[in-house]
Amino acid sequence: MGFEVIDHTSMIKKITTSNVYGCLDIRPEDVQVLGKQFQTDIVVVGKAKVELTGETENPSKKIVQANIVAKALKVADGSVIATSESYIPATHDSETTAQQIALEKAASRLASTIGEELSLRWVKESRGIASSTLSISGLSDYLDFSLFKSELKKAIPEIYNLLQKTLSETGALIEVESPLDTSSLAALIERKKFKDFTVYIASVTPPVIEMEVMLKNQEPEEEIE
């Protein structure tokens, strides 16, 4: 897909903070340190697991399933720019061989999906378009949520595109494309006065903006003494 993949087997001999290399659940700042020492722009970090799920009777074959979860982090700021998850089953006389087949297929599928996501993001960023994720609580009704998206895009021309990712009773996720970085976008949203909604920015952790949104006619009334 046009990405140069660094040979970690040769680079590992040159880096100095190898105590975190290969560890599980390393912090984003550790990933950034490693990425800089590997002289890379993006680091893909994740977990792979494969387990026996059953056996066939005749002939006896082992059935396994591989699961790989990964995310791509930008070394410059530690932000997550792509995520992917892959599940693949495999069957073979040998459990070890079945595991290898499942892991290779799962890795291949994950590389394809996360590579496509990275390519799209890379092209957009080269054109000065950044992506941020709005994590919204306070709205569960679809019509209210649709109205808020409409007001958000109308009130902020700097938002080029809105992509709804999830919507449930507990909240929603929207991916926003804009020339603004996450912090600048959050500050702009917080300053805006919306017609039907009150917006409170709870936290900003690029690329995620956590926010609470309420319909103005549903806000609790202040008691008058």
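Now for a look at the structure at hand. Just so it is clear, the structure is predicted and the values come from calculations on it, not from any experiment.

A few points about the overall build of the protein
Part 1 of the reasoning: From N to C terminus, the protein includes five helices and eight strands.
Part 2 of the reasoning: Each helix and strand of the protein, ordered N terminal to C terminal, gives the series α-α-β-β-β-α-β-α-β-β-α-β-β.
Part 3 of the reasoning: A compact globule built from 225 residues would reach a C-alpha radius of gyration of about 17 Å, whereas the protein, at 22 Å, exceeds it by more than 25%.
Part 4 of the reasoning: Buried residues in the protein amount to 32% of all 225 residues.

Things to note about unusual backbone geometry
Part 1 of the reasoning: The step from Pro 206 to Pro 207 runs through a cis peptide bond, and the omega angle for that step is 10°.
Part 2 of the reasoning: By the secondary structure assignment, Pro 207 is in the loop between β7 (197-205) and β8 (208-215).
Part 3 of the reasoning: Notably, Gln 39 is not glycine yet its phi reads approximately 60°, a positive angle.

A closer look at the nonpolar core
Part 1 of the reasoning: Leu 134, Phe 148, Leu 152, Ile 189 and Met 211 are the most contacted members of the largest nonpolar core, which has 24 residues in total.
Part 2 of the reasoning: Listed by contribution, the elements that provide at least two residues to this core are β4 (130-137), α4 (142-155), β6 (171-178), α5 (182-191), β7 and β8.
Part 3 of the reasoning: Membership of the second largest hydrophobic core comes to 16 residues, among which are Val 64, Ile 68, Ala 72 and Ala 106.

Describing the layout of surface pockets
Part 1 of the reasoning: Here the second largest pocket is characterised by a volume of approximately 470 Å³.
Part 2 of the reasoning: As for the second largest pocket, its lining consists of 21 residues, and the residues nearest its centre are Glu 117, Arg 121, Thr 133, Lys 165 and Glu 175.
Part 3 of the reasoning: Of all the secondary-structure elements, those providing two or more residues to the lining of the second largest pocket are β3 (80-92), α3 (95-126), β4, β5 (161-168) and β6.

A few points about the environment of Ser 203
Part 1 of the reasoning: With respect to the helices and strands, Ser 203 occurs in strand β7.
Part 2 of the reasoning: Judged by relative accessible area, which is 26%, Ser 203 ranks as partly exposed.
Part 3 of the reasoning: In this structure, the C-alpha to C-alpha distance between Ser 203 and Trp 122, residues 81 residues apart in sequence, is 26 Å.
Part 4 of the reasoning: Setting aside residues up to four positions removed in sequence, Ser 203 forms contacts with Val 208, Ile 209 and Glu 210.

Focus on the sheet that holds strand β2 (residues 62-74)
What holds strands together in a sheet is hydrogen bonding between their backbones, with the strands either parallel or antiparallel.
Part 1 of the reasoning: The strand order across the open sheet built from three strands is β1-β2-β3, with neighbouring strands paired in antiparallel fashion. Bordering the open sheet on either side are β1 (42-55) and β3, each of which pairs with just one other strand. On average, adjacent strands in this sheet sit at an angle of 10° to one another, irrespective of strand direction.
Part 2 of the reasoning: Both β1 and β2 contribute to a ladder of 13 bridges, which runs antiparallel. Paired with Val 50 across the bridge in β2 is Ala 66.

Parameters and conventions
Residues numbered from 1 in each chain as written. Predicted model: local features only at pLDDT ≥ 70, side-chain atom pairs only at ≥ 80, totals over all residues. Heavy atoms only, no water. Helix = DSSP H or I, 4+ residues; strand = E, 2+ residues; numbered from the N terminus. Rg over C-alpha atoms; globule rule 2.2 N^0.38 Å. Buried < 20%, exposed > 50% of the residue type's maximum accessible area, 1.4 Å probe, protein only. Core = buried A, V, L, I, M, F, W, Y, C linked by side-chain atoms within 4.5 Å. 1 Å grid on protein atoms, 1.4 Å probe; cavity = no way out; pocket = protein on both sides within 12 Å on 5 of 7 lines; lining within 4 Å. Points joined across faces, edges and corners; volume = space filled by probe spheres on them. Contact = heavy atoms within 4.5 Å. Pairing = 2+ DSSP bridges. Axes fitted to C-alpha atoms, helices over the stretch in contact; angles between N-to-C directions.

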